[in-house]
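Architecture at a glance
Residues per chain, in single letters:
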Amino acid sequence: MSKILQTNKLCKKVTSGKGTVQKILKNVDFSVDQGEFVSVMGPSGSGKSTLLYNISGMDRMTSGSVEFNGKELSGMTEQDLSKLRLHEMGFIFQHIYLLKNLNIFDNIILSARLAKRENHSTIRERALRLLKQTGIEELVDHDITQASGGQLQRVGICRSLINNPQVIFGDEPTGALNSRATQEIMELIGDINQSGTTVMIATHDVKVAARSERVLYMLDGEMIGQKRIGKYDKKKKNERQREEQLTCWLEENGL
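The residue count restarts for each chain, going from 1 along the sequence in the order it is written. Totals for whole chains, interfaces and linings use every residue, but because this is a predicted model, local features are given only for residues with pLDDT of at least 70 and side-chain atom pairs only at 80 or more, for both listing and counting. Side-chain measures were taken over the full set of non-hydrogen atoms in the model, leaving aside hydrogen atoms and water.

Before going further, it helps to spend a moment on the side chain of Lys48. Each helix is a run of H or I in the DSSP string that is no shorter than four residues. Each strand is a run of E no shorter than two, and both are numbered from the N terminus. Along the chain, the position of Lys48 falls in helix H1 (residues 48-55). Of the side chains bearing the opposite charge, Glu172 lies closest to the buried Lys48, which forms no salt bridge; the N-O distance is 4.4 Å. Sequence-distant contacts of Lys48, that is, excluding residues within four places in its chain, are made with Val40, Met41, Gly42, Pro43, Glu172, Ala202, Thr203 and Met218. Relative accessibility under 20% of the residue-type maximum defines a buried residue, over 50% an exposed one, and the middle range a partly exposed one, all with a 1.4 Å probe and only protein chains included. This count recognises Lys and Arg as positive and Asp and Glu as negative, with His and chain-terminal groups excluded. We define a salt bridge as a side-chain nitrogen of Lys or Arg found within 4 Å of a carboxyl oxygen belonging to Asp or Glu. Contact between two residues is taken to exist if any of their heavy atoms lie within 4.5 Å; hydrogens are not considered.

In this analysis, strands are considered paired if DSSP registers two or more bridges between them. Here six strands make up an open sheet; going across it, the order is E6-E7-E8-E3-E9-E10 and the pairing mixed. The sheet is open, and its two borders are formed by strand E6 (89-93) and strand E10 (222-228), each paired with just one other strand. Adjacent strand axes in the sheet meet at a mean angle of 20° when their direction is disregarded. For strand E3 (residues 37-41) and strand E8 (residues 198-202), the ladder comprises four bridges, and the chain directions are parallel. Within E8, the position partnered with Ser39 by the bridge is Ile201. Axis geometry follows a simple rule: fit a line to the C-alpha atoms, using only the stretch in contact for helices, then measure angles between N-to-C directions, giving values from 0 to 180 degrees.

We now examine the environment of Pro165. Tracing the backbone shows Pro165 in the loop between helix H5 (149-161) and strand E7 (167-171). Considering only alpha carbons, one finds Pro165 and Thr198, 33 residues apart in sequence, at a separation of 8.8 Å. When near neighbours in sequence (up to four residues on either side) are disregarded, Pro165 contacts His87, Glu88, Met89, Gly90, Ser160 and Thr197.

All right, on to the packing of aromatic side chains then. When the centres of two rings from Phe, Tyr and Trp lie within 6.5 Å, Trp using its six-membered ring, the rings pair. Their planes under 30 degrees apart give stacked, over 60 give edge-to-face, and anything left gives tilted. This model, assessed by the stated rule, comprises three aromatic pairs. Between the aromatic rings of Phe93 and Tyr97, the centroid separation amounts to 6.0 Å while the plane-to-plane angle is 65°, which identifies the pairing as edge-to-face. Judged by its relative accessible area of 17%, Phe93 is buried. Every member of this aromatic cluster is reached through a ring pair, and the members are Phe91, Phe93, Tyr97 and Phe169. Two thresholds decide whether a charge sits over a ring: the Lys NZ or Arg CZ must be within 6 Å of the ring centre and within 35 degrees of the ring normal. The positively charged end of Arg124 is found above the aromatic ring belonging to Phe105, 5.0 Å away from the centroid.

As a further point, take helix H3 (residues 104-115). What H3 keeps buried is the set Ile104, Phe105, Asn107, Ile108, Ile109, Ser111, Ala112 and Ala115. As used in this structure description, the phrase polar contact means that two N or O atoms lie within 3.5 Å; if the pair is within protein, one of them must be able to donate a hydrogen and the other to accept it, and residues adjacent in sequence are counted only when both atoms belong to side chains. Sitting at the head of H3, Asn103 places a side-chain oxygen 3.2 Å from the backbone nitrogen of Phe105. Just downstream of H3, Lys116 is the residue with a positive phi angle, here 55°.

Spatially, E2-E1-E4-E5 is the arrangement adopted by the four strands of the open sheet, whose pairing is antiparallel. In this open sheet, the two strands that pair with only one neighbour each are strand E2 (21-33) and strand E5 (71-72). Two elements, strand E1 (residues 3-15) and strand E4 (residues 63-68), share five bridges in a ladder whose sense is antiparallel. Paired with Leu5 across the two strands is Phe68, which belongs to E4.

Another aspect to go through is helix H2 (residues 78-88). Taken residue by residue, H2 has Leu81, Leu84, Arg85 and Glu88 as its buried positions. For H2, the angular spread of buried residues about the axis comes to 105°, placing them on one side. Residues of H2 that are buried make contact with E4, E5, E6 and E7. For this quantity, the arc is that covered by the directions from the helix axis to the C-beta atoms.

It is worth spelling out the nonpolar core at this point. For the purposes of this section, nonpolar cores are sets of buried Ala, Val, Leu, Ile, Met, Phe, Trp, Tyr and Cys residues that join through side-chain atoms within 4.5 Å. Ile104, Ile108, Ile157, Ile189 and Val199 are the most contacted members of the largest nonpolar core, which has 35 residues in total. Looking at this core, the elements that each hand over two or more residues are H3, helix H4 (120-133), H5, helix H6 (179-194) and E8. It is H6 that contributes the most residues to this core, six residues altogether. What Ile157 contacts, discounting residues up to four positions off in sequence, is Ile92, Thr134, Ile185, Leu188, Ile189 and Ile192. Grouped together as the second largest cluster of nonpolar side chains are 28 residues, Leu10, Leu81, Met200 and Ala202 included.

As far as function goes, none of this settles anything; it's purely spatial.
Listed below in structure tokens is the structure:
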């Protein structure tokens, strides 16, 4: 299976106002296969979010390399990185950042209009299909203030998929949701992965990570271990077994 993402000795350093240099990422090496579902776990401050921002080109690495879909990010201009994110990546955040002056439908299609690759009717048809698939078609003309947190997260998923991205990145995508909404959103993300889209999320939640195919664990900016669980099959309804398998691995390794 071909690799869609690979890092080599990825480092990120920041300098405080007092001139102190802090290493956020330390020689991180890993790869992700096309169509894989990977979770990154670790305590707060371990570098999970920074890793996602660096491998997606949202932040600049200090040293090392990131190759995404055959493209080396370190040598790309900001404009080229923006185009790459727009056309080949989708993003789901813990708190969904939507434009208040646009309704839900227009928030979803905005990036597709900016991409200028398809006509409006094609974009509209895909957006309506995504709204139906995520179970929020009744919100098509609603303002964002008329939707619940779980519904807005579904809006964020629709928006992340509107340009048919190669990879979906999620930074604690269920962190602000209750347990029921978390389960529903993870079912949707799982379906996205099953359709062939690569998914990589940062999470501290064992139940969320147990839905992924492979779990990477970070501590103090370093990738210190990984656990392969295998593809999730919702027909088996073995969520608890997968959670116990991941929990045992974490406990055995003192994580």
